[in-house]
Amino acid sequence: MISFLGLGHMGALMARRLVEAGHKVTVWNRTPRTVEGAFGAASPAEAVAEAELVVTMLSDPAAVRRVLADAAPGLRPGTLVVEMSTIGPEAVAELRDRLPSQVGLVDAPVLGSVQPARDGTLTVLAGGLPEDLARCREVLGVFGHVREAGGPGAGAAMKLAVMSALVPAQVLLAETLAYGEATGVDTAALLDVLGETPLGTLVERIRPAVENGPPETRYALGLAAKDLVLASHPTQTLAAAARDRLLGAASAGLGDRDLTAVFGHVGTARRTGVEKLNPASVPATNGLYSHATRAGDLLFVSGQVALDEAGRVVGEGDMTRQSEHVMEALALVLADQGCTFDDVTHIRTHLTDMSLLPEYAAVRRRHITGEPPASTTVEVSRLFRPGLLIEVEVIAAIPAGR
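About the cut-offs
- Residues numbered from 1 in each chain as written.
- Predicted model: local features only at pLDDT ≥ 70, side-chain atom pairs only at ≥ 80, totals over all residues.
- Heavy atoms only, no water.
- Helix = DSSP H or I, 4+ residues; strand = E, 2+ residues; numbered from the N terminus.
- Contact = heavy atoms within 4.5 Å.
- Areas by Shrake-Rupley, 256 points an atom, 1.4 Å probe, with all protein chains shown as cover.
- Salt bridge = Lys/Arg side-chain N within 4 Å of Asp/Glu carboxyl O.
- 1 Å grid on protein atoms, 1.4 Å probe; cavity = no way out; pocket = protein on both sides within 12 Å on 5 of 7 lines; lining within 4 Å.
- Points joined across faces, edges and corners; volume = space filled by probe spheres on them.
- Nonpolar A, V, L, I, M, F, W, Y, C, P; charged D, E, K, R; others polar.
- Pairing = 2+ DSSP bridges.
- Axes fitted to C-alpha atoms, helices over the stretch in contact; angles between N-to-C directions.
- Domains from an automatic or database assignment.
- Core = buried A, V, L, I, M, F, W, Y, C linked by side-chain atoms within 4.5 Å.
- Buried < 20%, exposed > 50% of the residue type's maximum accessible area, 1.4 Å probe, protein only.
- Parallel < 35°, antiparallel > 145°, perpendicular 65-115°, else oblique.
- Left-handed = near helix turned anticlockwise from the far one by under 90°.
- Right-handed = clockwise from strand over helix to strand, strands pointing away.
- Polar contact = N/O pair within 3.5 Å; in protein donor to acceptor, adjacent residues only side chain to side chain.

Q: What's the story with the overall build of the protein chain in this structure? I'm lost.
A: For the protein chain, the count of helices and strands is 14 helices and 15 strands. By principal-axis analysis of the C-alpha atoms, the protein chain measures approximately 70 × 60 × 40 Å. Sequence separation of at least 24 residues holds for 64% of the intrachain contacts in the protein chain that already meet a minimum separation of 6. On the protein chain, roughly 19,100 Å² of surface is accessible, and the fraction owed to carbon and sulfur atoms is 53%.

Q: Would you mind going over the pattern of salt bridges with me for this structure?
A: Any two side chains of opposite charge can pair, given that their charged atoms come close. The final tally for this structure, using the stated rule, is eleven salt bridges. For Arg 207, the salt bridge goes to Asp 192, with nearest N and O atoms at 3.2 Å. Taken together, the positions of Arg 207 in helix 9 (residues 200–212) and Asp 192 in helix 8 (residues 187–195) put the pair 15 residues apart, joining distant regions of the chain. One salt bridge in this structure joins Asp 244 and Arg 243, with 3.1 Å as the shortest N-O distance. A single salt-bridge network, built from bridges that share partners, covers Asp 192, Glu 204, Arg 207 and Glu 211.

Q: What is the right way to look at the layout of surface pockets in this model?
A: Any empty space left between atoms is shown by rolling a water-sized probe over those atoms. If you add up the space inside the second largest pocket, you get close to 440 Å³. Contributing to the lining of the second largest pocket are 21 residues, with Pro 283, Ala 284, Tyr 289, Leu 307 and Asp 308 lying nearest its centre. Put simply, the parts of the chain that give the lining of the second largest pocket at least two residues each are strand 12 (298–304) and helix 13 (319–336). Considering each element in turn, the lining of the second largest pocket owes the most residues, four residues, to helix 13. Classifying every residue of the lining of the second largest pocket by side-chain character gives nine nonpolar, eight polar and four charged.

Q: So what exactly am I meant to see when it comes to the sheet that holds strand 14 (residues 374–379) here?
A: Hydrogen bonds along the backbone pair up the strands of a sheet, which may run parallel or antiparallel. On the basis of which strands lie adjacent, the open sheet formed by six strands has the order 10-11-12-15-13-14 and mixed pairing. Because the sheet does not close on itself, it has two edges, and the strands there are strand 10 (274–277) and strand 14. Pairwise comparison of adjacent strand axes, ignoring direction, gives a mean angle of 10° for this sheet. For strand 13 (residues 344–351) and strand 15 (residues 390–397), the ladder comprises seven bridges, and the chain directions are antiparallel.

Q: When you look at the domain arrangement of the protein chain in this model, what are you seeing that I'm missing?
A: Interfaces are often sized by the accessible area lost when the parts come together. With domains assigned, the protein chain is organised as domain 1 (2–152), domain 2 (159–267) and domain 3 (275–397). Here the C-alpha centre of domain 3 lies 42 Å away from the C-alpha centre of domain 1.

Q: Mind showing me how you'd approach the nonpolar core here?
A: Inside soluble globular proteins, nonpolar side chains tend to come together where they are buried. Counting residues in each nonpolar core, the largest one holds 33 residues, and the members touching the most others are Phe 4, Met 14, Val 82, Met 84, Leu 140 and Phe 143. Those elements giving two or more residues to this core turn out to be strand 1 (2–5), helix 1 (11–20), strand 2 (25–28), strand 4 (53–56), strand 5 (80–83), helix 5 (114–119), strand 8 (122–127) and helix 6 (130–141). Counting residues per element, this core draws most heavily on helix 1, at six residues. If we skip the residues at most four places from it in the chain, Leu 140 touches Val 82, Met 84, Ala 108, Val 124, Ala 126 and Val 146.

Q: Explain the packing of helix 7 (residues 154–182) against helix 9 to me, please; I cannot follow it from the model alone.
A: Any two packed helices are characterised by the angle at which their axes cross and by the distance between the axes. Where helix 7 meets helix 9, the axes come as close as 11 Å, and the angle between the chain directions of the two elements is 55°. One way to sum up the angle between helix 7 and helix 9 is to call them oblique. In this structure, the crossing between helix 7 and helix 9 has a hand that is right-handed. Contact residues: Ala 169, Gln 170, Leu 173 and Leu 177 in helix 7; Leu 202, Val 203, Ile 206 and Val 210 in helix 9.

Q: Whenever I open this one, the pairing of strand 14 confuses me. Can you help?
A: Each regular strand shows side chains that alternate between the opposite faces of the sheet. Direction of pairing for strand 13 relative to strand 14: parallel, over a ladder of six bridges. Opposite Ile 347, over in strand 14, you have Ser 375 as the bridge partner. Assessed by its sense of winding, the connection that carries the chain from strand 13 through helix 14 (residues 357–367) to strand 14 is right-handed.

Q: Is there a simple way to think about the side chain of Thr 260 in this case?
A: Examined against the element boundaries, Thr 260 turns out to sit in the loop between helix 11 (237–254) and helix 12 (262–272). With relative accessibility at 5%, the residue Thr 260 sits in the buried group. In terms of polar contacts, Thr 260 uses its side chain to reach the side chain of Asp 258, at 2.7 Å.

Shown next, in the form of structure tokens:
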């Protein structure tokens, strides 16, 4: 029996191929989903309890660690885990250390998106011990062409190396088209000329997105950014620039869109000179404002207040607790653009009761430990939500190279 953990855009299609190939399959997903012909389990441990082969297809290293930790009580001696997410060789080595020694591990990330996953024409990059690769070779063949990359971690390393070329190439084309537009070059003509160069295959793949807008998500922009973060290495200066461009697009709310959404993002950023930023590390706004805007090397962070992800006031009546929440939120927004409180040029604070200033000041001193920035503190009659005692906004200078 095969257990399949993770039913996202790719995982659901891959699990379905296993069912169609005649395998008995049990599936699990954090948000319950069904795959026709497969048994749905209530937990990772239940999903793997009878499995000889466990396949994981999840978003990032943290998700893989969490799900396999939850699955661990159900893993039997002799089970083989086939990790097909893009998590990098270091995370694969960490998984090997966390899994019981009697449980095998193969890393087998894939090249290709939704349509190849549906058709069974993915490229599977497999790494592992020869005996473990032999055990899963036939199953992996259900997904497409299997290329055995070497020992443990080799498949994960190969995947990041490949993405370090493919993803920056798309970002380069997005910037090239934006440059062409800025200098009066006709976009359609530029695509035609580029189509006659060695970049031609990629140009034809992205042309529909340029002309008609991004398609349904096949490879999420946020996942592409994550892949380049994992692939970070001092030798990869072009990949690092593409990574930062994609992180900016993700902060602007495009993380769930197809990677080709970067074409519209680059064009907008060029036209306005201002990026709207909404990092995933802090609760989402109500849609009427952005958490921050970036103009050149200046970062303007909206007033942060003590609200949780559900919009509830945190620490009602407690200035110390609300101040901690606000300063932590500011730190997260600053960090999204490579800043710390040392980069803050001005901080503006609104208090509903100036007699509580000493409590806020004590918290602020714990977070701003160097020379303090320019500062304005005012008392207001009320803030936009009853129960809020404080709102703080900052302006920061973004370090060179970010």
